[in-house]
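Chain residues, written in single-letter form:
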Amino acid sequence: MVDGGAIRQEAQQRAGVREDPRLDWFRDAKFGLFIHWGLYAIPAGVWNGRQIPGIGEWIMQHARIPVADYERLAGQFNPELFDAARWVSLARDAGMQYLVITAKHHDGFCMFDSALTDYDIVGATPFGRDPLKELAAECERQGLKLGFYYSQTQDWHHPDGDGNDWDYDEAHKDFAGYIEHYVKPQMRELLTNYGPICLIWFDTPRRITAEQSRSLVDFVHALQPDCLVNGRIGNMLGDYAETRDNAIPDAAVDADWEVPATINDTWGFKAHDHNWKSPQELIRKLVDVTSKGGNYLLNVGPTAEGLIPQPSVDRLLAMGEWLRRSGASIYGTRPGPLQEAGWCRSTQRPGKIYLHVFDWPADGRMSIPAFPGAAADRASLLATGEPLDLLRSATTSTIVGPTMSPDAIDTVIVLEADRPAGMA
Ligand code: FHN
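Sequence positions are assigned chain by chain, starting from 1 and proceeding in written order. Totals for whole chains, interfaces and linings use every residue, but because this is a predicted model, local features are given only for residues with pLDDT of at least 70 and side-chain atom pairs only at 80 or more, for both listing and counting. With hydrogens and water excluded, all non-hydrogen atoms of the structure serve as input to the side-chain values.

Visitor: Describe the overall build of the protein chain, with residues and values.
Guide: Each helix and strand counted, the protein chain has eleven helices and 18 strands in total. To get the radius of gyration, use the C-alpha atoms; to get the globule rule, take the number of residues to the power 0.38 and multiply by 2.2 Å. Taken over the C-alpha trace, the protein chain has a radius of gyration of 23 Å; the compact-globule value for 424 residues is 22 Å, and the two agree within 12%. Sorting the 424 residues of the protein chain into buried and exposed places 59% on the buried side. In the protein chain, of all internal contacts separated by at least 6 residues, the share reaching a separation of at least 24 is 71%. For accessible areas, the Shrake-Rupley method is used with a probe of radius 1.4 Å. Any residue's cover is judged against the shown protein chains and nothing else. Accessible surface, the protein chain: about 16,600 Å² in total, of which carbon and sulfur atoms supply 50%. Helix and strand definitions follow DSSP, with helices as H or I runs of at least four residues and strands as E runs of at least two, each counted in order from the N terminus. Throughout this description, buried means an accessible area under 20% of the type-specific maximum (1.4 Å probe, protein chains only), exposed means over 50%, and partly exposed covers the range between. Pairs of residues are marked as contacts when any of their non-hydrogen atoms sit within 4.5 Å.

Visitor: Describe the pattern of salt bridges, and please don't skip the residues or the numbers.
Guide: One speaks of a salt bridge when a side-chain nitrogen belonging to Lys or Arg is within 4 Å of a carboxyl oxygen belonging to Asp or Glu. The tally for this structure, following the rule as stated, stands at 25 salt bridges. We note a salt bridge from Arg206 to Asp162, for which the minimum N-O separation is 3.0 Å. A residue pair is termed long-range when its members are at least 10 positions apart, and Arg206 in the loop between strand S6 (199-201) and helix H9 (210-223) and Asp162 in the loop between strand S5 (145-150) and helix H8 (175-192) qualify at 44 residues. The exposure class of Arg206 is partly exposed, given its relative accessible area of 36%. For Asp162, a relative accessible area of 6% translates into the label buried.

Visitor: How would you explain the sheet that holds strand S1 (residues 31-35) if you had to name every residue and give the values?
Guide: Paired strands, in this sense, are two strands between which DSSP finds at least two bridges. Strand order in the open sheet formed by eight strands is S7-S6-S5-S4-S1-S10-S9-S8, with parallel pairing between adjacent strands. Two strands lie at the open edges of the sheet, namely strand S7 (228-229) and strand S8 (241-242), each paired on one side alone. By the bridge criterion, two bridges tie S6 to S7 in an arrangement that is parallel. The residue bridging Ile200 from the neighbouring strand is Val229, located in S7.

Visitor: Break down the packing of aromatic side chains for me, citing the residues and quoting the values.
Guide: Stacked, tilted and edge-to-face are the three classes applied to pairs of Phe, Tyr and Trp rings, where Trp contributes its six-membered ring and a pair requires centres within 6.5 Å; stacked means planes under 30 degrees apart, edge-to-face means over 60, and tilted covers the rest. Across all of its chains, the model carries 20 aromatic pairs by this definition. Summarising the aromatic geometry, the rings of Trp58 and Trp156 are spaced 5.0 Å apart at their centres and angled 70 degrees between planes, so their arrangement reads as edge-to-face. Of this pair, Trp58 sits in the loop between strand S3 (50-51) and helix H3 (59-62) while Trp156 sits in the loop between S5 and H8, and the two are 98 residues apart along the sequence. An identical accessibility class is assigned to Trp58 and Trp156; each is buried. In this structure an aromatic cluster arises from ring pairing among Trp37, Phe77, Phe82, Trp87 and Phe127. Whether a charge sits over a ring comes down to the Lys NZ or Arg CZ being within 6 Å of the ring centre and within 35 degrees of the ring normal. Its end group placed over the ring of Tyr194, Lys133 keeps NZ or CZ at 4.8 Å from the ring centre. When the ring centre of Trp25 is taken as reference, the NZ or CZ atom of Lys145 above it lies at 5.1 Å.

Visitor: Give me the lowdown on the domain arrangement of the protein chain, citing residues and values where you can.
Guide: Throughout, the edges of the domains are those of an automatic or database domain assignment. According to the domain assignment, the protein chain consists of domain 1 (5-329) and domain 2 (334-416). Centre-to-centre separation of domain 1 and domain 2, based on C-alpha positions: 36 Å. In this assembly, 18 residues from domain 1 lie in contact with 19 residues from domain 2. Accessible surface is computed with a 1.4 Å probe, and the buried area is the amount of it that two parts give up when combined, taken over both parts together. Summed over both sides, the interface between domain 1 and domain 2 buries roughly 1,600 Å², with carbon and sulfur atoms accounting for 55% of that surface. Of the charged contacts in the structure, one is a salt bridge between Asp359 and Arg284, with a shortest N-O distance of 4.0 Å. Contacts described as polar in this section are N or O atom pairs within 3.5 Å, which, within protein, must combine one atom able to donate a hydrogen with one able to accept it, while residues neighboring in sequence count only if both atoms come from side chains. Our enumeration of links across domain 1 and domain 2 arrives at 13 residue pairs in polar contact (both at pLDDT 80 or more). Ranked by the residues each element gives to the side of domain 1 that touches domain 2, the list is headed by helix H10 (residues 279-291), at seven residues. Ten residues, namely Ala, Val, Leu, Ile, Met, Phe, Trp, Tyr, Cys and Pro, are considered nonpolar, four, namely Asp, Glu, Lys and Arg, are considered charged, and the remaining ones, Gly among them, are considered polar. Residues of the side of domain 1 that touches domain 2, tallied by class, amount to five nonpolar, six polar and seven charged.

Visitor: I'd like a rundown of unusual backbone geometry, residues and numbers included.
Guide: What you tend to see is this: most non-glycine residues have negative phi, and most peptide bonds are trans. At Lys30, a position not held by glycine, the phi torsion is positive, near 70 degrees. Within the chain, Thr204 stands out as a residue other than glycine whose phi angle is a positive 35 degrees. Relative to the assigned elements, Thr204 resides in the loop between S6 and H9.

Visitor: Describe the site of the ligand, and please don't skip the residues or the numbers.
Guide: Definition of nearness: a residue and a molecule or strand are near each other if at least one heavy atom of the residue lies within 4 Å of the molecule or strand. Close to the ligand lie 14 residues, the nearest being His36, Glu57, His106, Asp203 and Asp245. His36 is positioned with one of its side-chain polar atoms (N or O) 2.7 Å from an oxygen atom of the ligand.

Visitor: Describe the side chain of Gln212, and please don't skip the residues or the numbers.
Guide: Looking at the secondary structure, you find Gln212 in helix H9. We classify Gln212 as buried; its relative accessible area is 14%. Aside from chain neighbours lying at most four places away, what touches Gln212 is Phe175, Ala176, Ile179 and Arg207.

Visitor: So what's going on with the environment of Ala376? Which residues, and what values?
Guide: Examined against the element boundaries, Ala376 turns out to sit in the loop between strand S14 (365-369) and strand S15 (378-381). Residue Ala376 is classed as buried on the basis of its relative accessible area, which comes to 11%. Along the sequence, Ala376 and Leu390 sit 14 residues apart, while their C-alpha atoms lie 8.7 Å from each other. Excluding residues that lie within four positions of it along the chain, Ala376 makes contacts with Leu390, Arg392, Leu415 and Glu416.

Visitor: Any chance you could break down the side chain of Asp20 for me, citing the residues and the numbers?
Guide: With respect to the helices and strands, Asp20 occurs in the loop between helix H1 (4-13) and helix H2 (24-29). Classification of Asp20 as buried rests on a relative accessible area of 18%. Here Arg22 takes part through its backbone nitrogen, which lies 2.9 Å from a polar atom of the side chain of Asp20.

Structure representation (structure tokens):
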């Protein structure tokens, strides 16, 4: 789970960027929806009757499916149950602040209308609609920020993209030409035809040179100056750092960063993956990430019919329910002063410290040290406002709460000072 070293190294590389106001919304957002959706949702992990191990969206590579065979999936792709309004309102009900969807994943199939290829959802499928257009309109209507995932290096369909060595000869690929004449023009489409895009989520930066990474960052910023670029553009570039998949650093990191995470074990839909994390686990991960200064980008993999699997829906709604009572301790907060205490996580905003208690003590008593530069004169439960006793000495304070856990997932205690200026 630990990824602190790599993230810290990236943070140093980005020294000075920390003040960039273009990231203000990102620093406050904390929680986003990742959507991996593409042709791989049709086989859903099964090829020629055989379950293919590994993550669902990698089926083409894991089963070494020839381009000519995989391409035929496009002719079957008709997700008539896709409803942009439902997806966006689910994200909002879950308390998410931004949505990032796969415009093009490693399989090379474009989930948007592209003039650069016929291998796209509008031109090559019976569906014939552009879901990214519909999502852009809905995000605008419902006030959610929209970002695009784009696989800039691996493209198993394009003869010059990285990664497909079963159809193409890796040694003779014109990767530079692919970046200049395919990736960049598609980037122009994505950043011209869909309104304001909050971020481009690049991935697997193999093969890409520092010069190519830099020129892609510049290209994005020239088209939409406020559009962020994630760290997987490669070569330590981009506007913020990405941890490894599902990897939460072991301590707070003073950088702008995000954890991409799965609800089960796959990104793209896999019919046989039922290893769902519980709502409690997911909420605690969101809290853990927030308490360390990052964002949690939680994934769903819709089906080929266009539905977000019900177990994902249930979990997202449970997260939203918890956030409705405790979101003040998440959104817009920064890592709190109690980073080392094993028994709680902490977040803060000016005038308030939030203690997140996962495992409520049987006697309801919790001791906290006197924080340097911070005073705690009052304690209460965030969800109900119920005041708690606070017994103070020179070095510690003891919070006395009920003996029954008020919230089995995470009880949030608010600490406030009578002299608010004294707080962080
Ligand atoms: O190879 C991809 C994978 O399919 C998925 O998109 C994840 C999401 O973070 N990124 C890569 C692996 O890290």
